[in-house]
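Close look at the chain arrangement
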Amino acid sequence: MEKNEYIEFEMNNEDKFNDLTKLLDLISTSKKSGDYKSDKYWFDKFPDYALKHYYFADSDLKPKFETSNADAGTWNFYSMTEHLVENIDIEFLECKNNGNGKARLEFYACGYPYGGITGLTMFLKSFDFKATEIDEGGGVYKVQWTSETEFKLTEIKDTLTKSSLLSKIKKFFNS
């Protein structure tokens, strides 16, 4: 049995959760087919309330309402869509409502490094869902939000075997 990575998050709005799952289906289909779609396509697919969480360059196609500034932790909208569709080396598996105000996005990392969890975490945040726990493949972490756009991770459990390549990489960078 293969182990899947996940992000657990606070799920506080059923309509936004439905919007998220529909968009994840479109992203997953685009990733699998290699048909990455245009910037305008993705711009039209994101709900307005999610677009407000991103910043747009002066030369970008952008909404007619105010969006975020290019502050620390804030992603450019088109960098995010490129990250999700083209760059992050994962397969989206399932996004499910666990009840009691919690949900989980499960994915399979196709290789390491796969692009990390920061983009996925901020993507969820654009739907007003805050990550609470993350299994990024090498460990399980509690998420502590330090601002609306930045977070830090505290390890709960190391899930690597001592001989795994990811474990050796992690040990190298931590020494």
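Residues numbered from 1 in each chain as written. Predicted model: local features only at pLDDT ≥ 70, side-chain atom pairs only at ≥ 80, totals over all residues. Heavy atoms only, no water.

A few words now on the side chain of Asp135. Residue position: Asp135 is located in strand β4 (residues 131–135). At a separation of 2.9 Å, a polar atom in the side chain of Asp135 contacts the main-chain amide nitrogen of Gly137. (Helix = DSSP H or I, 4+ residues; strand = E, 2+ residues; numbered from the N terminus. Polar contact = N/O pair within 3.5 Å; in protein donor to acceptor, adjacent residues only side chain to side chain.)

Another point: the pattern of salt bridges. In the structure shown here, the tally under the stated rule is nine salt bridges. Lys40 serves as the salt-bridge partner of Asp44, at 2.7 Å between the closest nitrogen and oxygen. Here Asp44 and its partner Lys40 are both found in helix α2 (residues 39–45), four residues apart, which amounts to about one turn of the helix. The structure contains a network of salt bridges with shared partners spanning Glu8, Lys96, Arg104 and Glu106. (Salt bridge = Lys/Arg side-chain N within 4 Å of Asp/Glu carboxyl O.)

Moving on, we get to the confidence of the model for the protein chain. Parts of the model with low pLDDT should not have their predicted coordinates read in detail. Averaged over every residue, the pLDDT of the protein chain is 90; residues scoring 70 or more account for 89%. Across the protein chain, the element-wise mean pLDDT spans from 55 in helix α6 (residues 165–174) up to 98 in helix α3 (residues 48–51). (pLDDT = per-residue confidence, 0-100.)

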